[in-house]
Amino acid sequence: MRCRSCVAFALTCFTMFTACSERKVLVTTGDIGTTPSCSDGIKNNNETNTDCGGGCPACPDPDSWCVTTLSADSVVSVTECTALEELHNTNSANSSQLRGWFSNDADPCGWTGIDCGENALTALNLSNASLSGSISPALANLASLRILNLAGNNLTGDIPNELAALKSLEVLNVSDNDLTGSIPSVLGSLVNLTELDLAENRLGGNIPEKFLYLTKLTTLRLNNNFLYGRVPVELE
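What counts and how
Residue numbers here run from 1 along each chain, matching the order of that chain's written sequence. Predicted model: local features are reported for residues with pLDDT of at least 70 only, side-chain atom pairs are reported and counted for 80 or more only, and whole-chain, interface and lining totals are derived from all residues. Neither water nor hydrogens contribute to the side-chain values; these are computed over all heavy atoms in the structure. We count a salt bridge whenever a side-chain nitrogen from Lys or Arg sits within 4 Å of a carboxyl oxygen from Asp or Glu. A run of H or I in DSSP counts as a helix once it spans at least four residues, and a run of E counts as a strand once it spans at least two, with each numbered from the N terminus. Should DSSP find at least two bridges between two strands, the strands are regarded as paired. Lines fitted to C-alpha atoms define the axes here, with helix axes fitted over just the stretch in contact, and angles between the N-to-C directions of these axes take values from 0 to 180 degrees. Only buried residues count toward a nonpolar core, which is a set of Ala, Val, Leu, Ile, Met, Phe, Trp, Tyr and Cys residues joined through side-chain atoms within 4.5 Å. Each residue is placed in one exposure class: buried if its accessible area under a 1.4 Å probe, protein chains only, is under 20% of its type's maximum, exposed if it is over 50%, and partly exposed if it falls in between. Contacts are residue-level and defined by heavy atoms, with any inter-residue pair within 4.5 Å sufficient. Two cysteine sulfur atoms make up a disulfide if the distance between them is within 2.5 Å. Polar contact criterion, stated in full: a pair of N or O atoms within 3.5 Å, where within protein one must be able to donate a hydrogen and the other to accept it, and residues adjacent in sequence count only if both atoms are side-chain atoms.

**Student:** In this structure, what is going on with the pattern of salt bridges? I would like to understand it.
**Tutor:** Note that side chains of opposite charge can pair when their charged atoms are close. Within the structure shown, the criterion is met by 2 salt bridges. Put simply, Asp178 and Arg202 hold a salt bridge, and the shortest N to O gap is 2.7 Å. Taken together, the residues Asp178 in strand 9 (residues 178-179) and Arg202 in the loop between strand 10 (195-197) and strand 11 (204-205) connect sequence positions 24 residues apart.

Quick look at the structure:
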């Protein structure tokens, strides 16, 4: 059983579904997408709706750019576009890299900082882009992302646990920001990571033991934070 945001005016959902609050839909048949908060993108028999983020994400505004203008030929879905729109609305006033988004090109794959493969949005490179505020949990909706680079900005707050839903992620770089809190242990579930860079922030606490599961990791940078405790010998 998989979850997916539903736009009733634009998409036809599979039959046998249950209506959820706030125009959310929990689809009970068919393979039509994932939810960013499920551990594996699937609502298994032993998982509750809460495990799946309380059902599907809320429907986008029917008048939003992502619903009215997004190219039908784009590999970027409405859900992914909505996550990009949230990032844009928060930061476009300060970021020259984001000002060109949502203008003439109806396909986000042509926007600055975005790379797409043949069938998916695969990279978001917004280093030194004058981003501020917190890292949006909505970025977890970029389900096929392999590279997330937000280094050298003015981001604050915690690293969202939701990023652990990006199971294809190979590079996560949020270095040189002003992030606080502890390092989420759930990042240890990103088993395809080859590079993890959290350096130059104000993160505290221990290095998660679950990082031992990151067997493909070749680069790990945690310097210039406020971490304490022992470094797992396997990471030394």
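After presenting the structure, the write-up continues.
**Student:** How should I be thinking about the pairing of strand 7 (residues 154-157) in this particular structure?
**Tutor:** Every other side chain in a regular strand lies on the same face of the sheet, so the side chains alternate between the two faces. Both strand 5 (residues 132-134) and strand 7 contribute to a ladder of 3 bridges, which runs parallel. Among the inter-strand pairings, Ser132 is bridged to a residue of strand 7, identified as Asn154. One ladder, built from 2 bridges, connects strand 7 with strand 9; its direction is parallel. When the bridges of strand 9 are listed, Gly157 appears paired with Leu179.

**Student:** Got a minute to help me understand the sheet that holds strand 3 (residues 114-116) in this structure?
**Tutor:** Sheet strands line up and pair through hydrogen bonds in the backbone, either parallel or antiparallel. Strand order in the open sheet made by the 6 strands is 3-4-6-8-10-12, with mixed pairing throughout. With partners counted over all chains shown, the strands left at the sheet margins are strand 3 and strand 12 (219-221), one partner each. Sheet twist, expressed as the mean angle between neighbouring strand axes with direction ignored, is 10 degrees. Looking at chain direction, strand 6 (residues 147-149) and strand 8 (residues 171-173) are connected through 3 bridges and run parallel.

**Student:** How should the nonpolar core be read in this particular structure?
**Tutor:** Side chains of nonpolar character tend, in soluble globular proteins, to be buried together. Core analysis: the biggest nonpolar cluster contains 45 residues, and Trp101, Leu124, Leu126, Leu148 and Leu150 have the highest contact counts within it. If one sorts the elements of this core by residue count, helix 2 (residues 78-91) sits on top with 4 residues. Residues within four places of Leu126 in sequence aside, it is in contact with Leu87, Gln97, Leu98, Trp101, Thr112, Gly113, Leu131, Asn149, Leu150, Ala151 and Asn153.

**Student:** How do you make sense of unusual backbone geometry when you look at a structure like this?
**Tutor:** Even without being glycine, Ser130 reaches a positive phi, approximately 60 degrees. For Asn224, which is not a glycine, the phi torsion comes out positive at approximately 60 degrees.

**Student:** Quick question: what am I supposed to make of the state of the cysteines here?
**Tutor:** Two cysteines whose sulfur atoms are joined by a covalent bond form what is called a disulfide. Enumeration according to the criterion identifies 2 disulfides in this entry. Residue pairing for Cys66: its cysteine sulfur links by disulfide to Cys81, the two sulfurs lying 2.1 Å apart. Here the S-S torsion is close to -80 degrees, and the disulfide linking Cys66 with Cys81 is therefore left-handed. Here Cys66 is found in helix 1 (residues 65-68), whereas its partner Cys81 is found in helix 2, with 15 residues between them in sequence. Taking the relative accessible area as the measure of exposure, Cys66 reaches 2% and is therefore buried. Judged by its relative accessible area of 0%, Cys81 falls in the buried class.

**Student:** Would you explain the side chain of Asn173 in this entry?
**Tutor:** Relative to the elements of secondary structure, Asn173 occurs in strand 8. In terms of polar contacts, Asn173 uses its side chain to reach the side chain of Ser175, at 2.7 Å. If sequence neighbours within four positions are ignored, Asn173 has contacts with Leu148, Asn149, Leu150, Ala151, Glu195 and Asp197.

**Student:** Is there a simple way to explain the environment of Thr180 in this structure?
**Tutor:** One can find Thr180 in the loop between strand 9 and strand 10. For the pair Thr180 and Asn201, spaced 21 residues apart in sequence, the C-alpha separation works out to 7.0 Å. Setting aside its immediate chain neighbours within four residues, Thr180 contacts Gly157, Asp158, Ile159, Arg202 and Leu203.

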